[in-house]
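For reference, the chains in residue letters:
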Protein chains: 2
Amino acid sequence: MTNTNTIYQQRREALRKRLSEKGLNALLVSHAANRYYLSGFELHDSQCNESAGWLVVTDNGTDYLLTDPRYEDAAKRCMPEENVFIYSGKKFEQVGPFLKGLNLGSLGFEPKAMSLFDHEKLRDYVQLTATENLVEDLRLIKDADEIERMRAACALNHRVFRALEDSLRPGQTEVEVAWNAERMFREWGASELAFSTIVGVGPNAALPHAIPGNTTLKENELVLIDMGCRLNDYCSDQTRTFWVGENRSERFRNVREMVRTAQQKAIDAIRPGMTFAEAYGISRGYFEEQNVAEFFTHALGHGIGLETHEPPSLSPLGTGVLQPGMIVTVEPGLYWPDWGGVRWEHMIVITEDGCETL
Amino acid sequence: MTNTNTIYQQRREALRKRLSEKGLNALLVSHAANRYYLSGFELHDSQCNESAGWLVVTDNGTDYLLTDPRYEDAAKRCMPEENVFIYSGKKFEQVGPFLKGLNLGSLGFEPKAMSLFDHEKLRDYVQLTATENLVEDLRLIKDADEIERMRAACALNHRVFRALEDSLRPGQTEVEVAWNAERMFREWGASELAFSTIVGVGPNAALPHAIPGNTTLKENELVLIDMGCRLNDYCSDQTRTFWVGENRSERFRNVREMVRTAQQKAIDAIRPGMTFAEAYGISRGYFEEQNVAEFFTHALGHGIGLETHEPPSLSPLGTGVLQPGMIVTVEPGLYWPDWGGVRWEHMIVITEDGCETL
């Protein structure tokens, strides 16, 4: 536990520096993945629409976990007992005075991860200052341990894809294929899916977020599968587009070739210092040369880590710059509503002089 | 579709009456289960921490679904095309002017289901009035179709419990037992679990929300299992406490008997007009007679429907009154940290003159 706690302490130290730059004395962390990143406490909020709790990181070096009795043991494994505050019953009548009693001065909060209801209740006791991406910015750069975890999650994804491809048979429904994938993920160690598996047969593959239905796989038809898992807390996300049967149509072969070429060109070019928009532009530019750019309807990729979708977005609007340690997806796709679509997705980590496919 | 849409229209009509009582011209519905209840659109928000969209119910009888292109088809299955507004890219720069253009007058919103971030963005365009439980109050009373769906979800829960009890063996870990249950739920028709399955062996059963771990089942030891599924969109939630092996300890038999008696006394007494606190008091009173009330550490039960935990709460603080059509859990339990715990949970529907166990 000591080593692990040290990682969280280091991350909180990095956050303290950011607080000081922003003129804040403390941050009330309510976004679950941020709270976990900084403390190791509960990656998810309760499934009963209740927060599992809040982390308070202060500039005096003493931090607090606030939670309810369900999580008391878990909290005390993450934080010294005297830094754990347990509330029950009327939450805000306990949390409010506790926060007020800490005399934190300027207390930041996370506006995207706090409901208006909670904010109204808390501001009876403390003054809250809106912040933006203070923790998310730290999470952009993955450390060696995070990269190894995501490498393992990717490896499991590959293993499931291999077994799943072998198991595809005409007549299976999209729902059945999705469940086969989920069962393998879980039985081979994943704690959960990273997101709902996408399975789209034929024209259904033209919807980038196709929900599996009762459409069946057909002989000599394509199927797009986009799936990911959570393993050791970190997410994977990969897409493949398979052909069921032996006789791949020429159109499928051509589209698949273009998509994979667009992907490879991006991976070959991506390096630190490139803007997110430039990375997008590589695949986009190739599709333009091929006169198919209008059928590439989404961003090239997104950050991934404790959450499936994290900053940055490799989109035409992306102004930031790729840096070593970022992990992003590279997932060009081409879609025709009456025919279907092909997407191919790798996860890459930015290295000192380029990138590596996980 | 017409019949189904009619149900949603009827529910929106009921909401319109409530809006008028509250002096509101419209409600911006952002809580996913409320949105689904009123429109049939997307029970869940996206797993990428993004809302799948908003429903606007207005007092002039014209309602709107606002969503992004991923859900365009789904939205148009729930609402006439001219009442679907699709945003993409900079969401609030599109949603804000659209809402403003509707000239809705007094527009209510749901403070527990709106982040401070979204609220700040929207109020640049429209004035928002906080509301409380406008839709939740309608959802308290289940109609015949909802009751049938929950009856089916309960039946599946029973079926899985029977098979799971037969499969319990010393040496299985809590995690394995939980996965066995989940696999059965999914393979027998559930779309997902209603909540993370609780499996607690021996002393672990003393934690009302035990997270399954690597503790193994032991010969002649108890195991508490609390699990539920979502079937046809509605949730089930049941708890059983089993004994692994033939020789039930006398303590287990006594505690189980007290818990089941407390449950039966509540079910026998519950009828319309009883307050939530009175219902709680029946089981509590019996435990007091037995001198074990201090080991009953939670409420007697909670409402359940589209969500696992809904109002009402059958707790000592509950001031409302049971009414026909409410569905609640009845789940007394007794817990000793050094020994374990026993909980037994049924779901009941309040009838005209009492209640029925589902």
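Residues numbered from 1 in each chain as written. Chains lettered and ligands numbered in written order. Predicted model: local features only at pLDDT ≥ 70, side-chain atom pairs only at ≥ 80, totals over all residues. Heavy atoms only, no water.

The name given to chain A in an unreviewed UniProt entry is Xaa-Pro aminopeptidase, and the organism recorded there is Paucidesulfovibrio gracilis DSM 16080.

Okay, the pairing of strand 9 (residues 221-227) of chain B next. Residues and elements named next belong to chain B. Counting buried positions over the 7 residues of strand 9 gives 6, a clear majority of the element. Across 4 bridges, strand 8 (residues 198-201) lies against strand 9 in antiparallel orientation. Within the sheet, the bridge partner assigned to Val201 lies in strand 9 and is Val223. (Buried < 20%, exposed > 50% of the residue type's maximum accessible area, 1.4 Å probe, protein only. Helix = DSSP H or I, 4+ residues; strand = E, 2+ residues; numbered from the N terminus. Pairing = 2+ DSSP bridges.)

Moving on, we get to the packing of helix 9 (residues 250-269) of chain A against helix 10 (residues 276-289) of chain A. All names here are of chain A. Two numbers describe how helix 9 lies on helix 10: the axes approach to 8 Å, and their chain directions differ by 140°. In terms of crossing hand, the pair formed by helix 9 and helix 10 is right-handed. Only Ile282, Ser283, Tyr286 and Phe287 of helix 10 make contact with helix 9, whose side of the interface consists of Met258, Val259, Thr261, Ala262, Gln263, Lys265, Ala266 and Ala269. Among the residues forming the contact of helix 9 with helix 10, the class breakdown is 8 nonpolar, 3 polar and 1 charged. (Axes fitted to C-alpha atoms, helices over the stretch in contact; angles between N-to-C directions. Left-handed = near helix turned anticlockwise from the far one by under 90°. Contact = heavy atoms within 4.5 Å. Nonpolar A, V, L, I, M, F, W, Y, C, P; charged D, E, K, R; others polar.)

On to the sheet that holds strand 11 (residues 234-235) of chain A, then. Residues and elements named next belong to chain A. Taking strand neighbours across the sheet as the criterion, the 3 strands line up as 7-10-11 in an open arrangement whose pairing is antiparallel. The sheet terminates laterally at strand 7 (192-193) and strand 11, the two strands that pair on one side only. The pairing of strand 10 (residues 229-231) with strand 11 spans 2 bridges and is classified as antiparallel. The residue of strand 11 that forms the bridge with Leu231 is Tyr234.

Okay, the interface of chain A and chain B next. Of the residues lining the interface, 27 residues belong to chain A; the matching set on chain B comes to 27 residues. Linking chain A with chain B are 4 salt bridges, by the criterion used here. Two residues, Arg186 of chain B and Glu182 of chain A, come together in a salt bridge whose shortest N-O distance is 2.9 Å. Inspection of the chain A/chain B interface yields 12 residue pairs in polar contact (both at pLDDT 80 or more). Secondary-structure elements contributing two or more residues to the side of chain A that touches chain B are helix 5 (116-122) and helix 8 (174-187) of chain A. Considering only residue class, the side of chain A that touches chain B consists of 10 nonpolar, 8 polar and 9 charged. (Salt bridge = Lys/Arg side-chain N within 4 Å of Asp/Glu carboxyl O. Polar contact = N/O pair within 3.5 Å; in protein donor to acceptor, adjacent residues only side chain to side chain.)

The next thing to look at is the pairing of strand 18 (residues 346-350) of chain B. Residues in a regular strand project their side chains so that they alternate between the two faces of the sheet. Residues and elements named next belong to chain B. Most of strand 18 is tucked away: 5 of the 5 residues are buried. Of the two faces of strand 18, the one carrying His346, Ile348 and Ile350 and the one carrying Met347 and Val349 are both buried. Of the pairings in the sheet, the one linking strand 15 (residues 327-330) to strand 18 comprises 4 bridges and is antiparallel in character. Among the inter-strand pairings, Ile327 is bridged to a residue of strand 18, identified as Val349. Pairing between strand 18 and strand 19 (residues 355-357): 3 bridges, direction antiparallel. When the sheet's bridge partners are listed, Ile348 is paired in strand 19 with Thr357. Here strand 18 folds back onto strand 19 in antiparallel fashion, the turn holding 4 residues.

The next subject is the relation of the copies chain A and chain B. Each of the two copies of the chain can be brought onto the other by a rotation about an axis and a shift along it. For the pair chain A and chain B, the relating rotation is 180°, the translation along its axis is 0.1 Å, and the fit reaches an RMSD of 0.0 Å. Taken together, the rotation angle and the small translation identify this as a two-fold axis. Among all C-alpha atoms of chain A, that of Ser115 of chain A lies closest to the rotation axis, at 2.1 Å. The residues that chain A uses at the interface reappear at the interface of chain B in 100% of cases, marking a shared surface. (Least-squares fit on C-alpha atoms with pLDDT ≥ 70 in both.)

Let's shift gears to the domain arrangement of chain A. Residue and element names in this part refer to chain A. Assigned domains within chain A: domain 1 (2-138) and domain 2 (144-357). Put simply, the middle of domain 1 and the middle of domain 2, counted by C-alpha atoms, are 34 Å apart. Taken together, the contact pairs 7 residues of domain 1 with 8 residues of domain 2. For the pairing of domain 1 and domain 2, the buried interface totals around 690 Å² over both sides, and the portion due to carbon and sulfur atoms is 56%. Considering only the surface of domain 1 that becomes buried against domain 2, Tyr36, Leu43 and His44 emerge as the three largest contributors, covering 48% of it. Scanning the region where domain 1 abuts domain 2 turns up 1 salt bridge. Glu146 is the salt-bridge partner of Arg11, the closest N and O atoms lying 3.8 Å from each other. Across the domain 1-domain 2 interface, the total number found is 3 residue pairs in polar contact (both at pLDDT 80 or more). (Domains from an automatic or database assignment. Buried area = accessible area lost by both parts, 1.4 Å probe.)

Once that is clear, we can look at the side chain of Glu174 of chain B. Its place among the elements puts Glu174 of chain B in helix 8 (residues 174-187). Buried charge Glu174 of chain B goes without a salt bridge, the closest partner of opposite sign being Lys218 of chain B at 7.4 Å. (Lys, Arg positive; Asp, Glu negative; His and termini not counted.)

On to unusual backbone geometry, then. Residues and elements named next belong to chain A. Across the junction of Pro311 and Pro312, the peptide omega takes the value 0°, indicating a cis bond. Structurally, Pro312 can be placed in strand 14 (residues 310-314). In this structure, Asn103 is a non-glycine residue whose phi angle is positive, near 50°. Structurally, Asn103 is set in the loop between helix 4 (91-101) and strand 5 (107-109). What makes Asn103 exposed here is its relative accessible area of 68%. Its identity as a non-glycine residue notwithstanding, Asn232 has a phi of 50°, on the positive side.

On to the confidence of the model for chain A. When the pLDDT values of chain A are averaged, the result is 93; 97% of them are 70 or greater. Mean pLDDT in chain A bottoms out at helix 1 (residues 2-21) of chain A, which sits at 87, and peaks at strand 15 (residues 327-330) of chain A, which reaches 98. (pLDDT = per-residue confidence, 0-100.)

Right, let's talk about helix 8 of chain B for a bit. For helix 8 of chain B, which comprises 14 residues, the first-to-last C-alpha distance of 20 Å matches the rise-based estimate of 20 Å (1.5 Å per residue) to within 8%. Residues of helix 8 of chain B that are buried make contact with helix 8 of chain A together with helix 7 (144-167), strand 7 (192-193), strand 8, strand 9 and strand 10 (229-231) of chain B. Gly189 of chain B occupies a position one or two residues after helix 8 of chain B and carries a positive phi of about 115°. (Expected span 1.5 Å × (residues − 1).)

Bringing the pattern of salt bridges into the picture now. A full pass over the atoms with the stated rule returns 46 salt bridges over all chains. Two residues, Arg70 of chain B and Asp68 of chain B, come together in a salt bridge whose shortest N-O distance is 2.9 Å. Residue Arg70 of chain B is classed as partly exposed on the basis of its relative accessible area, which comes to 29%. Through salt bridges with shared partners, a single network forms among Arg12, Glu13, Arg16 and Asp63 of chain A.

Residues and elements named next belong to chain B. Taken in spatial order, the 3 strands make up an open sheet running 7-10-11, and their pairing is antiparallel. Because the sheet does not close on itself, it has two edges, and the strands there are strand 7 and strand 11 (234-235). Here 2 bridges tie strand 7 to strand 10, and the two strands are oriented antiparallel to one another. Bridge pairing links Leu193 to Cys229 in strand 10.

Grouped together as the largest cluster of nonpolar side chains are 40 residues, with contacts concentrated most on Leu28, Leu66, Leu99 and Leu122 of chain A together with Leu66 and Leu122 of chain B. Considering each element in turn, this core owes the most residues, 4 residues, to helix 4 of chain A. Those residues in contact with Leu66 of chain B that sit more than four places away from it in its chain are Ala52, Gly53, Trp54, Val56, Phe85, Tyr87, Val95, Phe98 and Leu99 of chain B. (Core = buried A, V, L, I, M, F, W, Y, C linked by side-chain atoms within 4.5 Å.)

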